Amino acid sequence: MPIDMRRKHVSGRTLAVLLAALLLAGCGAPREARAKTVFAMDTVMNLSAYGKSADAALEAAEREIYRLDAMLARGVEGSAVYACNHGAAPEGELAELLALAEEIGAAADGAFDPYLGGVLDLWGFGSGAGEHRVPTETELSEAPRLLDLGGVAKGYAGQRVCDILREGGATGAVVDLGGDVALFGQKPDGSAWRVAVKDPAGGAYLGVLESEGGRYIATSGVYERFFEQNGVRYHHILDPRTGRPAESGLVSATVICESGVWADALATAVCVMGAEQALQMRAALAETTPFDVILVTADGRVLYTCEGFAPDAGNGYACERVF
Ligand code: ADP
Ligand code: MG
């Protein structure tokens, strides 16, 4: 995918990790994937679907993405999230999504917080598109608690897109939401989906993940959006406890889960909490919300829990399966 179109705010080659879906071509025309590109949620989305009515299903999925973008865009007057930040009570679908985001925040011991909007704005990472700058401690402690569902928007969109593709008669799909990937159904030849996990440092792939359908693969990384001031780099994943960019020893976290919302939020939370706490949380949630992780540490290691991940031998990292 056109990597440098992904984020307007990102300078040059900072966009290091993307999950690129490797669609293994089927044989014969009816088995080919139909594809659609959608610009929404500040990113480029690539949807590929199999099945006889795939084209119509993709049209419906595109409309759904625009609907969700309009609902969740915090900075857009008239969006449901904007209304909530101006006194309205969350209702219906938004209230449900918010309740889930709060539940995940609690499960992550506060490392994920859907009310970081005011703090994000101070750093210029908010939807107000303010200047990037380092806020003072006083500003941070006085920041208003504003609803910001940027940490779950793509995961929720991925879930809804898969629902709509299913309802529309698609038999299988790879939905790439600007690096986060939703896998739905089956490939025509019945083989596993294969997703290439890219290296946050750029260059080659970390490895390939093989997965069945019904999985969401979300990645958060501290390289995705950042600015520099006086030679110090400040990135967009904030530790809710300090209001400052997380310093957990992780460069990126990929979370694989049956729920898109959980995968998306946990990827952010894991970046905040670090490897050790992430593995503890994984054990604690094993019964209710099983998930896998692929973690890249600042000291050059890749730690992964999933059986289906095959690290690339030449990726330059010390790779280790952990539990
Ligand atoms: P991206 O949207 O670039 O894929 P993520 O999925 O990692 O990035 O989501 C990060 C977004 O979530 C930020 O842009 C911000 O809106 C919000 N955010 C940052 N830190 C947190 C946090 N600790 N808890 C909840 N949301 C956060
Ligand atoms: Mg995310």
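Note that the structure is a prediction, hence the values are computed from the model and not measured.

Asks: Residues and numbers for the confidence of the model for the protein chain, please.
Replies: Confidence in the prediction for the protein chain averages 90 pLDDT; 90% of positions are at 70 or higher. In this model residues 1–30 is a low-confidence stretch, pLDDT under 50, and it forms 76 contacts with partners more than four residues away in sequence or in other chains.

Asks: If you had to explain unusual backbone geometry to someone new, which residues and values would you point to?
Replies: Look at M41: it is not a glycine, yet its phi comes out positive at around 50°. Inspection of the secondary structure puts M41 in the loop between β2 (34–40) and β3 (43–50). Judged by relative accessible area, which is 12%, M41 ranks as buried. Residues other than glycine seldom take positive phi values, yet N230 does so here, at roughly 45°. The class of N230 is exposed, set by a relative accessible area of 76%.

Asks: Help me get a handle on the sheet that holds strand β4 (residues 172–177), residues and values and all.
Replies: Reading across the sheet, the 9 strands line up as β2-β3-β4-β5-β8-β13-β14-β15-β17 and stay open at both edges, with mixed pairing between neighbours. Where the open sheet ends on each side, the last strands, each with one partner, are β2 and β17 (318–321). Direction aside, the axes of adjacent strands within the sheet are offset by 10° on average. Pairing geometry for β2 and β3, over 7 bridges, is antiparallel. Across the sheet, F39 pairs through a bridge with V44, a residue of β3.

Asks: I'd like a description of the layout of surface pockets, backed by residues and values.
Replies: Empty space within the largest pocket amounts to approximately 1,100 Å³. Considering the residues around the largest pocket, the lining is formed by 41 residues, among which F125, D148, G150, G151 and R225 are closest to the centre. Secondary-structure elements contributing two or more residues to the lining of the largest pocket are α1 (54–72), α6 (153–167), β8 (215–221) and α7 (260–273). In terms of residue count, the dominant contributor to the lining of the largest pocket is α7 (3 residues). The residue makeup of the lining of the largest pocket, split by class, is 16 nonpolar, 13 polar and 12 charged. Its volume calculated, the second largest pocket comes out at about 260 Å³. Surrounding the second largest pocket, 16 residues form its lining, S211, R215, I256, D292 and C306 being those nearest its centre. Only β7 (205–211), β13 (250–257) and β14 (291–297) provide two or more residues apiece to the lining of the second largest pocket. Here the element with the most residues in the lining of the second largest pocket is β7; it accounts for 3 residues.

Asks: An account of the pattern of salt bridges is requested, with residue identities and associated values reported.
Replies: Following the criterion strictly, the structure yields 20 salt bridges and no others. Residue E210 pairs with R194 through a salt bridge whose shortest N-O separation is 3.1 Å. Placement of the pair is E210 in strand β7 and R194 in strand β6 (residues 193–198), with a sequence separation of 16 residues. The network of salt bridges with shared partners includes E64, R67, E93, R160, D163 and R166.

Asks: So what about the packing of aromatic side chains? Which residues, and what values?
Replies: Throughout the structure, instances matching the rule amount to 6 aromatic pairs. Ring centres of W123 and Y234 lie 5.6 Å apart, and the angle between their planes is 40°; on these two criteria the pair is classed as tilted. Of this pair, W123 sits in the loop between α4 (117–122) and α5 (137–142) while Y234 sits in strand β10 (residues 232–235), placing them 111 residues apart in sequence. Each of the two residues, W123 as well as Y234, counts as buried. Taken together, a centroid distance of 5.3 Å and an interplanar angle of 25° make the contact between F227 and Y234 stacked. Looking at F227, the relative accessible area reads 7%, which means it is buried. The class of Y234 is buried, set by a relative accessible area of 14%.

Basis of the calculations
Residues numbered from 1 in each chain as written. Chains lettered and ligands numbered in written order. Predicted model: local features only at pLDDT ≥ 70, side-chain atom pairs only at ≥ 80, totals over all residues. Heavy atoms only, no water. pLDDT = per-residue confidence, 0-100. Contact = heavy atoms within 4.5 Å. Helix = DSSP H or I, 4+ residues; strand = E, 2+ residues; numbered from the N terminus. Buried < 20%, exposed > 50% of the residue type's maximum accessible area, 1.4 Å probe, protein only. Pairing = 2+ DSSP bridges. Axes fitted to C-alpha atoms, helices over the stretch in contact; angles between N-to-C directions. 1 Å grid on protein atoms, 1.4 Å probe; cavity = no way out; pocket = protein on both sides within 12 Å on 5 of 7 lines; lining within 4 Å. Points joined across faces, edges and corners; volume = space filled by probe spheres on them. Nonpolar A, V, L, I, M, F, W, Y, C, P; charged D, E, K, R; others polar. Salt bridge = Lys/Arg side-chain N within 4 Å of Asp/Glu carboxyl O. Phe/Tyr/Trp six-rings, centres within 6.5 Å; stacked < 30°, edge-to-face > 60°.

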